[in-house]
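# Structure assessment
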Amino acid sequence: MAEKKLYDIIIIGAGTAGLSAALYGARAGKKVLVLEEKVNGGQIVNSPEVENYPGIKRISGFQFIQELQQQVEESGAVILNRQAEKLVDQGGRKVVMTCDGLYEGRSAILCTGVVQRKLGLEREKELTGSGVSYCAVCDGAFYRDRRVAVVGGGNTALEDALYLSQYCKMVYIIHRRDRFRGESKLVNLLLKKENVEFILESTVVSLKGDTTLESIRIKNVKTNIIDECVVNGVFVAIGQEPKNERFGGVVSLDERGYIRADESCRTDAAGIFAAGDCRTKTVRQLVTAAADGAVAALGACEYLQG
């Protein structure tokens, strides 16, 4: 059962935002608890290289999180592997319900991040793990010397394609628009790869294969012509979506399910903050997640003093 202890700050989510909030909260002398239902670090742990975090030239996402987590634990914050099933706002008490009992805090910071958006195609669920993947770093090695496709046009899709081009015989990048949203530096690197082919203004409309993926059907959005592309794997990188339904009765969500919070990271519920990709914002990057965590923690400290 959960330890009957009152924390100053309970943080839900141990991604970059959550761990940064824990670091700032603990360094301010607060009793901090972090609850994480999955793997600490969030999606950044799957990035083989991070090159755009100020002050760090190059580091893997996994190493970045390992070092940040060590900082947090050394600061005195507690990190537990628990799924926050529900949050109850009792005014001066924020009660988090988990599978092993209740945890109470005087304030709370929601750092639940986002999850990968699905293609929404028939048999996508059945073929996940058998040709359909949402993590190139996790599953790329299984497709050595084989043909694969990456769906998406942002930095994640481009980085996935670069990573896969090291191992795969052929990498097709399928994007619904005529230009990519990702960094031009990544696009230029991919243009130099002989085993990478761009398929623009196109979408995947069906997945073919009995027990494993054998091919995909691709539709040109301008001509409506449908072609079949023989691939052994398809890596989906078409963006993310929040999973904040469990908090909808406590804090306000926008029409897409993001928690309404501005740059102060304050929600419309006193003493409850939201940090990182789960909140309403225009830029979702590693550095902004860390900044959110710091802002939210300092905001929680100010709230506790009031």
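Structural data are supplied above this passage.
In what follows, the accompanying structure is described. (Residues numbered from 1 in each chain as written. Predicted model: local features only at pLDDT ≥ 70, side-chain atom pairs only at ≥ 80, totals over all residues. Heavy atoms only, no water.)

### Description of the state of the cysteines
Note: disulfide means a covalent bond formed between the sulfur atoms of two cysteine side chains. Inclusion rule: Throughout, a disulfide means two cysteine sulfur atoms within 2.5 Å of one another. When a residue's accessible area, from a 1.4 Å probe over protein chains only, is under 20% of the maximum for its type it is buried; when over 50% it is exposed; and in between it is partly exposed.
Under the definition given, this model contains 1 disulfide. Covalently, Cys135 is tied to Cys138 through a disulfide, its sulfur atoms 2.2 Å apart. Of note, the bridge from Cys135 to Cys138 carries an S-S torsion of about 70 degrees and is right-handed in sense. Of the residues examined, Cys135 reaches a relative accessible area of 13% and is grouped as buried. Looking at Cys168, it has no disulfide partner, and the nearest cysteine sulfur is the one in Cys229, 13 Å off.

### What about the side chain of Thr16?
Our working definition: We count a stretch as a helix when DSSP gives it H or I for four or more residues in a row; a strand needs E for two or more, and each element gets its number in order from the N terminus. For this analysis, residues touch if any pair of their heavy atoms sits within 4.5 Å.
Looking at the secondary structure, you find Thr16 in helix H1 (residues 16-27). When sequence neighbours within four positions are dropped, the list of residues in contact with Thr16 reads Gly41, Ile44, Phe64, Ile65, Leu68, Leu286, Ala289 and Ala290.

### Considerations on unusual backbone geometry
Excluding glycine, residues mostly carry a negative phi; peptide bonds, for their part, are mostly trans. At Arg123, a position not held by glycine, the phi torsion is positive, near 70 degrees. Looking at the element boundaries, Arg123 is found in the loop between strand E7 (115-116) and helix H3 (124-127). A relative accessible area of 28% places Arg123 in the partly exposed class. At Cys265, a residue that is not glycine, the phi angle is positive and equals roughly 65 degrees.

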